[in-house]
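Below are the chains, spelled out letter by letter.
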Amino acid sequence: LKGQKPVVRGHSAVESLLDDVPDLLPGTRTLISSVASEEINERLRRRLEERGLTPWFAQTCAALDGLHNSYAEPQRMGVDRWLAMLGARAREAGPLCVVDAGSALTIDLVEASGRHRLHARKPRCCAAAAVGWNSTFDRFGVMAGQLGRQ
């Protein structure tokens, strides 16, 4: 619900999640991809540091490793999508269609040059909803069968 903090079993989601994480060696670097609010991320950072862990939060930027963010304000792109595109680009050469299925379904097209071209988003949706998205791509002159490596 808007404005309310997430609660799981009487604790905030951050505390609940960390209660389920096994003890790690102090100093273990903890890599985090989070689209949560700054308040929640700060609570997460503090809890990890209390456990002797070293948190590092991934951030979206204008360009990295040949991938060029198309947003005028790069930090507005969710870091989960940014990391998915970076991972896909590191694995495959050529044009890419990157699907990120979480609380929303997002589809990003990346040119072979690394330029991010298209972002389609379907809120409150699961991966199964990808069926029927051809009409979205048709508006941009792209057919689903043309996506990916040629």
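Residues numbered from 1 in each chain as written. Predicted model: local features only at pLDDT ≥ 70, side-chain atom pairs only at ≥ 80, totals over all residues. Heavy atoms only, no water.

Our focus in this paragraph is the overall build of the protein. The helix and strand tally for the protein stands at four helices and nine strands. Taken from the N to the C terminus, the helices and strands of the protein come in the order β-β-α-β-α-β-β-β-α-β-β-β-α. In the protein, of all internal contacts separated by at least 6 residues, the share reaching a separation of at least 24 is 41%. Accessible surface, the protein as shown: approximately 9,900 Å² in total, 53% of it carbon and sulfur. (Helix = DSSP H or I, 4+ residues; strand = E, 2+ residues; numbered from the N terminus. Contact = heavy atoms within 4.5 Å. Areas by Shrake-Rupley, 256 points an atom, 1.4 Å probe, with all protein chains shown as cover.)

This part covers the pattern of salt bridges. Per the stated rule, a full pass over the model turns up seven salt bridges. The residue glutamate 111 makes a salt bridge to arginine 115 at a minimum N-O spacing of 3.8 Å. Under the relative-accessibility criterion, glutamate 111 is labelled partly exposed at 27%. (Salt bridge = Lys/Arg side-chain N within 4 Å of Asp/Glu carboxyl O. Buried < 20%, exposed > 50% of the residue type's maximum accessible area, 1.4 Å probe, protein only.)

Here threonine 106 lies in strand S8 (residues 105-110). Dropping the residues within four chain positions of it, threonine 106 is found in contact with Arg81, Val98, Val99, Asp100, His119, Ala120 and Arg121.

What follows concerns helix H2 (residues 38-50). Here H2 contains 13 residues, and its C-alpha end-to-end distance of 18 Å stays within 8% of the 18 Å for a straight helix at 1.5 Å per residue. Within H2, burial applies to Asn41, Arg43, Leu44, Arg47 and Leu48. Considered in projection along H2, the buried side chains sweep an arc of 160° and stay on one side of the axis. Residues of H2 that are exposed and point over 90 degrees away from its buried face: Glu38 and Glu50. Where H2 ends, the next residue or the one after it, glycine 52, has phi of about 80°, a positive value. (Expected span 1.5 Å × (residues − 1). Arc of directions from axis to C-beta.)

The predicted model of the protein averages 75 in pLDDT, with 65% of residues at 70 or higher. With pLDDT under 50 throughout, residues 4-11 is counted as low confidence; its partners more than four residues away or in other chains account for 12 contacts. Low pLDDT, under 50, characterises residues 126-150; the predicted model gives this stretch 29 contacts beyond four residues in sequence or across chains. (pLDDT = per-residue confidence, 0-100.)

Turning our attention to the pairing of S8. Buried residues dominate S8, accounting for six of its six residues. On S8, burial covers both faces: Leu105, Ile107 and Leu109 on one face and Thr106, Asp108 and Val110 on the other are all buried. Sheet topology note: the strand S7 (residues 96-101)/S8 ladder contains six bridges and is antiparallel. Within the sheet, the bridge partner assigned to aspartate 100 lies in S8 and is threonine 106. Where S7 hands over to S8, the hairpin turn is made up of three residues, counted between the paired strands. (Pairing = 2+ DSSP bridges.)

Core analysis: the largest hydrophobic core is formed by eight residues, namely Leu67, Met77, Trp82, Met85, Leu86, Leu96, Val98 and Val110. Of all the secondary-structure elements, those providing two or more residues to this core are helix H3 (79-91) and S7. With three residues, H3 is the largest single contributor of residues to this core. Excluding anything up to four places from it in sequence, tryptophan 82 contacts Gln59, Thr60, Cys61, Ala62, Ala63, Leu64, Leu67, Asn69 and Met77. Counting five residues, the second-largest nonpolar core is a separate cluster that includes Ile32, Leu44, Leu53 and Phe57. (Core = buried A, V, L, I, M, F, W, Y, C linked by side-chain atoms within 4.5 Å.)

With a phi close to 50°, aspartate 65 is a non-glycine residue in the positive phi region. Tracing the chain through its elements places aspartate 65 in the loop between strand S5 (63-64) and strand S6 (67-68).

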